[in-house]
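Chain residues, written in single-letter form:
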Amino acid sequence: MGKYEVENRSIVLDAELKSDPSLGLATLVNGVVYDLLYQNRFAGPVTPEVAELAVVGTGLGALRNGIGLVGKVGSHWDSTRWEISPRPFLDFQTLAYANAIAAWARGDQNPDWTSEMHGEVRRPMQKSLKFLFKTNDSFFQPAKQRSLLGQAQNQWWELAATDSASQKVIAIRHLESDQELSDKQQALILEHLDSPNRAIVLHAIATVERMAVGHRPIANEAIVGRLRMLADHRDDEISAKAMCTVTRLKELDENTIDIAANMLESQYRHVIYAGAYAFSSIDSIPDHVLKLVDRAFVRALQACDYEFVGMFAQAYKRWLDDPETHLQNLLQNSTEYLPVALDALNQEPDQVVSIG
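Chemist: In this structure, what is going on with helix α5 (residues 119-135)? I would like to understand it.
Modeler: Since there are 3.6 residues in each turn of an α-helix, residues three or four apart along the chain are aligned in direction. With 17 residues, α5 should cover 24 Å at 1.5 Å per step; its first-to-last C-alpha distance of 24 Å lies within 8% of that length. Every buried residue of α5 is listed here: G119, V121, P124, M125, S128, L129 and L132. Positive backbone phi, at 55°, marks N136, one or two positions downstream of α5.

Right, here's the structure in full:
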């Protein structure tokens, strides 16, 4: 970044802070909390999301509560992988829950500061606060002085069987096994994959993948069968995550291949990715699926979505003996896209494809 570009950005930022003094004060508060975490040697990585939570937790979130830094979420965020890819800012929904946790931890059922909140934060915050006081359903327990994160595996498996949804989610995230699951453990995993709570289902899928990729016997016939069913789930996130997991476990069958084909026509990018990822893992595809891929490839070119363009191009090389001729025929009426397609065909495949 050049000197003048830095200076121009500084001028823009300075103008924004002057036009909205509350944003400047909130930025100052955020910096103070960052320093507070550092001075107290906070154990985990201080990501922007953690800092935002700490601002609320320390009781300094009044200014932040009125600022909508996330007006529109333009990309898919996988909640089961938040520690790998945390969000830069809290949206109104998560900001509301953070405030509810902060009030609940202090035993304050009717905090007077909610009257100053933005309506989009206040309403879900009050709903969450009411739920917390009614159920105490949170892995975070303010009265307990010791951390529960260092529990042994048998304790995590026991916690995963409790009635608390939040404790189930945290417990599921910590489950490990280096051997074939016992009947009781398998039944518990299947129960979570069948849960009506989408958060539990998503985290259960992620846990099966995490355990099974390193130790194949965990992904037995019953669990794989359930994952294949979830790939056709009405919830787009559940279906996409299940499809990706079945693909990574190399357990695609004829039915999941048909489901993956339908995914290519989805309006959601993460669902298209799941379908494309499934097909990119196999050596050949039926002609009717190739036509769907061709349509998706052209749409990616038209949208300048170079991640998908590259992903499809590498898949063509796997499926076709002469992918270049195929693309020339496909794009004979769209010659402006042909150089981009051929360039993608000649690129080395990326190790990781983002779906954000």
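Chemist: Would you explain unusual backbone geometry in this entry?
Modeler: One non-glycine residue, R41, lies in the positive phi region at around 55°. Within the secondary structure, R41 is located in the loop between α2 (21-39) and α3 (48-57). Even without glycine at this site, N136 takes up a positive phi of about 55°. Taking the relative accessible area as the measure of exposure, N136 reaches 42% and is therefore partly exposed.

Chemist: Where do I start with the environment of A204 in this structure?
Modeler: Take A204: it is sitting in helix α9 (residues 198-214). Look at A204 and you get buried, because its relative accessible area is 1%. In this structure the C-alpha to C-alpha distance between A204 and L193, which are 11 residues apart in sequence, comes to 5.9 Å.

Chemist: Looking at this structure, how should I read the environment of L132?
Modeler: Note that L132 resides in helix α5. Exposure remark for L132: the relative accessible area of 0% places this residue in the buried category. Put simply, L132 and A100 are 32 residues apart on the chain and 7.9 Å apart in space, counted from C-alpha to C-alpha. When residues no more than four places from it in sequence are discounted, the contact partners of L132 are Y97, A100, I101, W104, D137 and S138.

Definitions and cut-offs
- Residues numbered from 1 in each chain as written.
- Predicted model: local features only at pLDDT ≥ 70, side-chain atom pairs only at ≥ 80, totals over all residues.
- Heavy atoms only, no water.
- Helix = DSSP H or I, 4+ residues; strand = E, 2+ residues; numbered from the N terminus.
- Expected span 1.5 Å × (residues − 1).
- Buried < 20%, exposed > 50% of the residue type's maximum accessible area, 1.4 Å probe, protein only.
- Contact = heavy atoms within 4.5 Å.

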